[in-house]
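Here are the chains, one letter per residue:
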Amino acid sequence: MSPALKALIHVQHLLGTGHAVRAVAIGRALAQQGVRVVLATGNTLPPTLDTGGLEVVALPAARAADTGFTRLVTATGAPVDAAWQAERRARLLGLAAALAPDILVTETWPFGRKPFAFELKPLVAAVRAQTPAAVVAASVRDILVRKDDPAKEQAMALLARADFDCVLVHADPAFVRLEDSFGFAADIADLIAYTGFVHTPSPLEPPGRDGCDEVIVSCGGGPVGQRLIAAALAARPLSRRAGDAPWRVLVGHQHGADRLAALQAAAPPGVTVETARPDFARLLARARLSVSQAGYNTVLDVLAAGTRAVLVPFAEGRETEQAQRADLLAARGRAVVLAEAGVDAARLAAAADAALAAPAVATPVNTDGAATSAALLIERARRKRG
């Protein structure tokens with residue numbers, strides 16, 4: 001009997017938590033098939049995330065200093081420097097050497113996370129040298145952030161061609177394809193494997209009547225969405241179709257206790273403010289309307305719930321991904337889109353009314369991405385072994 005496979009997954013989320021959610025889901029799917037999985041995380045995982053079955057190793061944490069993603073800081077807010085990089089790289093390479101993985105998954109890299117090339121390039125090289133038969137896979141979401149300079153995208157494709165066995169694209173190609181947001185997808189077409197979307201429905205049922213006929217407002221797991229939250233606190237009485245519904249505003253844990261308390265104090269009658277909940281998806285299934293940004297995991301929860309939706313895509317800095325995803329849903333009659341820059345109470349109320357007036361539209365997509373990713377990685381690893 002051959003020894004069990006070992007997998008190392010590297011994930012680094014900077015602001016939102018979607019990257020970590022996908023990486024954990026794929027790791028759990030691998031673990032359920034008997035693979036020993038070590039998840040190396042470069043930032044604090046959200047408390048709502050179930051990591052059962054995984055060995056989680058926390059690297060020295062880094063995050064984006066602001067929504068412009070132009071500067072990285074440590075967990076204490078200090079600038080990332082060469083000494084910090086050297087320590088983190090040494091820890092990661094030591095972890096890889098001790099594990100000797102048969103499967104290495106880098107979340108986003110080489111299609112992003114360039115500031116972490118200092119550890120990711122050496123990581124891939126070390127795994128290749130130690131275990132030549134290891135499968136090295138890039139894990140990317142449905143839509144990439146477009147680059148202003150095509151040469152940057154070409155460089156990503158060249159890195160993928162040189163260092164990777166496959167590129168797992170976590171999307172349903174009938175809904176969106178990699179070439180829709182990456183200009184050099186054709187250059188790596190033989191590496192691309194569409195897995196379907198990675199979606200793990202919440203097993204938790206909300207207590208009592210939480211969520212029933214409510215408007216659920218959410219802004220993801222990161223410290224963003226301030227404009228959306230401010231608009232939601234004042235929009236309820238302005239809405240003709242949702243003014244009679246309870247509004248529940250869910251705030252990411254990274255906003256902090258003081259910010260949460262201030263928002264709760266400012267909430268008018270009929271509006272509840274609380275932290276993000278692990279039963280979020282089931283809340284949506286009970287809701288009259290979802291109001292949210294257009295992050296990967298939130299959109300999948302909205303599609304799975306079948307709830308009418310208003311999407312306010314995150315668009316600070318040079319972010320293009322959420323706007324493109326929101327437009328895809330709007331084109332299918334599945335959501336009303338409101339630009340983040342122009343969001344206020346009146347516009348949000350009008351968007352809510354428009355979404356509730358529209359006919360319900362089903363948008364079936366393949367959401368077996370975690371299981372498919374695991375099966376593909378295991379099959380390739382076993383094939384390379386023998």
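Criteria and cut-off values
- Residues numbered from 1 in each chain as written.
- Predicted model: local features only at pLDDT ≥ 70, side-chain atom pairs only at ≥ 80, totals over all residues.
- Heavy atoms only, no water.
- Patch = residues over 30% accessible without salt bridge, like charges linked within 9 Å, V, L, I, M, F, W, Y side chains within 5 Å.
- Areas by Shrake-Rupley, 256 points an atom, 1.4 Å probe, with all protein chains shown as cover.
- Salt bridge = Lys/Arg side-chain N within 4 Å of Asp/Glu carboxyl O.
- Lys, Arg positive; Asp, Glu negative; His and termini not counted.
- Charge placed at Lys NZ, Arg CZ, Asp CG, Glu CD.
- Helix = DSSP H or I, 4+ residues; strand = E, 2+ residues; numbered from the N terminus.
- Contact = heavy atoms within 4.5 Å.
- Pairing = 2+ DSSP bridges.
- Axes fitted to C-alpha atoms, helices over the stretch in contact; angles between N-to-C directions.
- Buried < 20%, exposed > 50% of the residue type's maximum accessible area, 1.4 Å probe, protein only.
- Right-handed = clockwise from strand over helix to strand, strands pointing away.
- 1 Å grid on protein atoms, 1.4 Å probe; cavity = no way out; pocket = protein on both sides within 12 Å on 5 of 7 lines; lining within 4 Å.
- Points joined across faces, edges and corners; volume = space filled by probe spheres on them.
- Expected span 1.5 Å × (residues − 1).
- Arc of directions from axis to C-beta.
- Nonpolar A, V, L, I, M, F, W, Y, C, P; charged D, E, K, R; others polar.
- Parallel < 35°, antiparallel > 145°, perpendicular 65-115°, else oblique.
- Left-handed = near helix turned anticlockwise from the far one by under 90°.

> Explain a positive patch on the surface here, please?
There is a patch of like positive charges on the surface, built from Lys114, Lys121, Lys147 and Lys152. With respect to the helices and strands, lysine 114 occurs in the loop between strand E6 (103–107) and helix H3 (117–130).

> In this structure, what is going on with the side chain of arginine 334? I would like to understand it.
Mapped onto the elements, arginine 334 comes out in the loop between helix H9 (321–331) and strand E15 (336–337). Setting aside its immediate chain neighbours within four residues, arginine 334 contacts Val302, Leu303, Gly306, Thr307, Arg308, Ala309, Leu329, Val361 and Thr363.

> How should I be thinking about the sheet that holds E6 in this particular structure?
Strand pairing in a sheet is mediated by backbone hydrogen bonds. Such pairs are either parallel or antiparallel. Taken together, the seven strands give an open sheet; going across it, the order is E3-E2-E1-E6-E7-E8-E9, and neighbouring strands pair in parallel fashion. Each having just a single partner strand, strand E3 (55–58) and strand E9 (192–194) make up the two edges of the open sheet. Averaged over all pairs of adjacent strands, the angle between strand axes in this sheet comes to 20 degrees, irrespective of strand direction. Examined bridge by bridge, strand E1 (residues 6–11) and E6 share four bridges and lie parallel to one another.

> Honestly, the sheet that holds strand E12 (residues 271–275) in this entry has me stumped. Any pointers?
Strands sit in the order E12-E11-E10-E13-E14-E15 across an open sheet of six strands; the sheet is parallel. Two strands close off the open sheet at either side, each with one partner strand: E12 and E15. Sheet topology places strand E14 (residues 309–311) next to E15; two bridges connect them, and they run parallel. Of the residues in E15, the one forming a bridge with valine 310 is valine 336. Contacts from helix H6 (residues 257–266) reach strand E11 (247–251) and E12 within the one sheet, and its direction differs from that of E12 by about 170 degrees.

> Can you help me understand the pairing of E1 in this one?
Note on strand geometry: in a regular strand, side chains alternate between the two faces of the sheet. In terms of burial, E1 is a largely internal element, five of the six residues being buried. The handedness of the E1 to strand E2 (residues 36–41) crossover, carried by helix H1 (residues 18–32), is right-handed.

> When you look at the layout of surface pockets in this model, what are you seeing that I'm missing?
Gaps left between atoms show up when a probe the size of a water molecule is rolled over them. One number sums up the size of the second largest pocket: a volume of about 150 Å³. Forming the boundary of the second largest pocket are 14 residues, of which Arg308, Gly333, Arg334, Pro359 and Ala360 lie nearest the centre.

> Before we go on, may I ask you to explain helix H2 (residues 82–99) in this structure?
Residues spaced three or four apart along an α-helix point in a common direction, a consequence of the helix completing one turn every 3.6 residues. For H2, built from 18 residues, the straight-helix expectation of 26 Å at 1.5 Å per residue is met to within 8% by its first-to-last C-alpha distance of 26 Å. Residues Trp84, Arg88, Leu92, Leu95, Ala96 and Leu99 constitute the buried set of H2. In a view along the axis of H2, the buried residues occupy a sector of 95 degrees, so they form one face of it. Of the exposed residues in H2, the ones pointing more than 90 degrees away from its buried face are Ala82, Ala83, Ala90 and Ala98. Packed against the buried residues of H2 are E1, E2, E3, strand E4 (62–64), strand E5 (72–74) and H3. Looking one or two residues past H2, alanine 100 carries a phi angle of roughly 50 degrees, positive in sign.

> Can you walk me through the environment of alanine 257 in this structure?
Position of alanine 257 among the secondary structure elements: in helix H6. Here alanine 257 falls in the exposed class, since its relative accessible area comes to 63%.

> Looking at this structure, I do not really get the pattern of salt bridges. What am I missing?
Pairs can form between side chains of opposite charge once their charged atoms are near each other. What the rule picks out here adds up to 27 salt bridges. Between arginine 277 and glutamate 274 there is a salt bridge, with its nearest N and O atoms 2.9 Å apart. A salt bridge links arginine 325 to glutamate 321, with the nearest nitrogen and oxygen atoms 2.5 Å apart. Taken together, the residues arginine 325 and glutamate 321, both in helix H9 and four residues apart, mark about one turn of the helix. For the pair arginine 325 and glutamate 321, one class covers both residues: buried. Among the charged side chains, a network of salt bridges with common partners joins Asp210, Glu214, Arg248, Glu274, Arg277 and Asp279.

> What's the story with empty space enclosed by the protein in this structure? I'm lost.
This structure, assessed with the given rule, holds one cavity of 30 Å³ or more. Its boundaries defined by the atoms lining it, the largest cavity holds a volume of some 50 Å³. Elements that contribute at least two residues to the lining of the largest cavity include exactly helix H8 (296–305) and H9. With four residues, the top contributor of residues to the lining of the largest cavity is H8. Of the residues that constitute the lining of the largest cavity, the class distribution is seven nonpolar, no polar and two charged.

> Quick question: what am I supposed to make of the packing of H8 against H9 here?
For any two helices packed against each other, one specifies the inter-axial angle together with the distance between the axes. Contact geometry of H8 with H9 gives a least axis separation of 11 Å together with a crossing angle of 15 degrees. Between H8 and H9, the angle falls in the class roughly parallel. Crossing hand, H8 versus H9: right-handed. Together, Tyr296, Val299 and Leu303 of H8 and Glu321, Arg325 and Leu329 of H9 make up the contact between the two elements. Looking at the contact of H8 with H9 residue by residue, the classes come out as four nonpolar, no polar and two charged.

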